[in-house]
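One-letter residues, chain by chain:
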Amino acid sequence: MTLAYDDLGPEDGRPVLLVHGHPFDRTMWRPQAEHLAGRGHRVVTPDLRGYGESTSTDTKTTLDVFANDLVELADRLGLRGFVLGGLSMGGQIVMQLVSDHPGRVEALLLADTFPGLDTPEAKQARIDTAAKITDEGMHHYADELLPKMISKRTRATRPDVEAHVLGMMRDAPSQGAAAALRGRAERPDYTEGLKRIDVPTLVVVGSEDEFTPVADAERIHRHIAASTLVVVEGAGHLPNLECETEFNQALDTFLTSSSGATP
C-alpha cells in the first residue's frame, strides 16, 4: 500500500500535515494547502488508504492503521515534528495519532469532529452503510449525504463548492470507504485523552454543522487546556471549503501564535 499525497511549499517550511474526512480525498484541503504554502509552510495532504489515489485491499481499516500510515509518511518525508490537522473522521484519526505517537505533533487542528463513541444505533448504521455502498457503490450515498455535508447557504451561493464536495463523494472508492466505516465503528473513546493534550490546539466548527454541531466542538475545547475555539458562521460540516477565507484566517492566526513567529 502506497499513499498518494501532495507536498506543497518550501521544503524547509514549517510542516503541516492535513487529514481529510470521509468520504473525501486530499483535494478537500486544496484551499488551505495552497494558501499555507504561499505563506511559507510545507503542507502535506495525503489520500488516506482506500481513498482517492491511495489503494487498499482492506475490508476493515481501523483508525490506528490510518494513524500509523501518516506517521510512516512523515518519517519518509523527514518530518520529525509537525502541525497536524484533521476534519471529521480525519479529526478522529488525529486524536488516535496523538495518543499512539506522543511527541510527534507540535500543534493541532481539530475541525468538525467529535471524540466520543457512537451510540449502538449509530454504530450499526455505519456497518449497514458499509454493506450498502459495497453492493451499490457511492453515487446514491453521496446524493443522500450532500444536504448534511454543507449548509443551505452554501448550496444556494457556492455551486463550485457543492460540485467539488459531491464529486469527491461520488468518486470515493466504495471498498475503501466501506472499510473505513467498519473500522470507525470500533474506534475507542478519545474524550479522556483530550485532557492530556498539551500542545496548542485550534478547534473549528461550522455553525450549521448537523453531523458534529457546535456543542461537540465546545466539548473538545473544554477538555483541551491549550485550545482556541472558532465557530465559522453559516458553514456546515466543511467550513474549510464553504468559508475558506474565514477558515484560512483562523488558521493563519493560530499557526502564527503557536509558533511564536510568522512562517
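Predicted, not measured: the structure shown is a model, and the values here were computed from it.

Trainee: It is not clear to me how the overall build of the protein should be interpreted in this structure. Could you clarify?
Mentor: Of the regular secondary structure elements, the protein holds twelve helices and seven strands. Over its C-alpha trace the protein gives a radius of gyration of 17 Å, about what one expects of a compact globule, namely 18 Å for 263 residues. Summarising its shape, the C-alpha atoms of the protein cover approximately 50 × 40 × 35 Å along the three principal directions. Considering the protein as a whole, with its 263 residues, one finds that 54% of them fall into the buried category. A separation of at least 24 residues holds for 79% of the contacts in the protein among residues at least 6 apart in sequence. Counting only carbon and sulfur atoms, one obtains 49% of the accessible surface of the protein, whose full area is about 11000 Å². Distance between charge centres in the protein, computed from 26 positive and 40 negative side chains, equals 3 Å.

Trainee: Please explain unusual backbone geometry as it appears in this structure.
Mentor: Apart from glycine, the bulk of residues carry a negative phi angle, and the bulk of peptide bonds sit in the trans form. The peptide bond linking H22 to P23 adopts the cis configuration, its omega dihedral lying at -5°. For P23, the location among the structural elements is in the loop between β2 (15-19) and α1 (30-38). If you check the backbone angles, S88 has positive phi at about 60° while not being a glycine. By the secondary structure assignment, S88 is in the loop between β4 (82-87) and α3 (89-100). The backbone of D112 shows a phi angle near 45°, a positive value even though the residue is not glycine. Of note, D112 is situated in the loop between β5 (105-111) and α4 (120-136).

What counts as what
- Residues numbered from 1 in each chain as written.
- Predicted model: local features only at pLDDT ≥ 70, side-chain atom pairs only at ≥ 80, totals over all residues.
- Heavy atoms only, no water.
- Helix = DSSP H or I, 4+ residues; strand = E, 2+ residues; numbered from the N terminus.
- Rg over C-alpha atoms; globule rule 2.2 N^0.38 Å.
- Buried < 20%, exposed > 50% of the residue type's maximum accessible area, 1.4 Å probe, protein only.
- Contact = heavy atoms within 4.5 Å.
- Areas by Shrake-Rupley, 256 points an atom, 1.4 Å probe, with all protein chains shown as cover.
- Lys, Arg positive; Asp, Glu negative; His and termini not counted.
- Charge placed at Lys NZ, Arg CZ, Asp CG, Glu CD.

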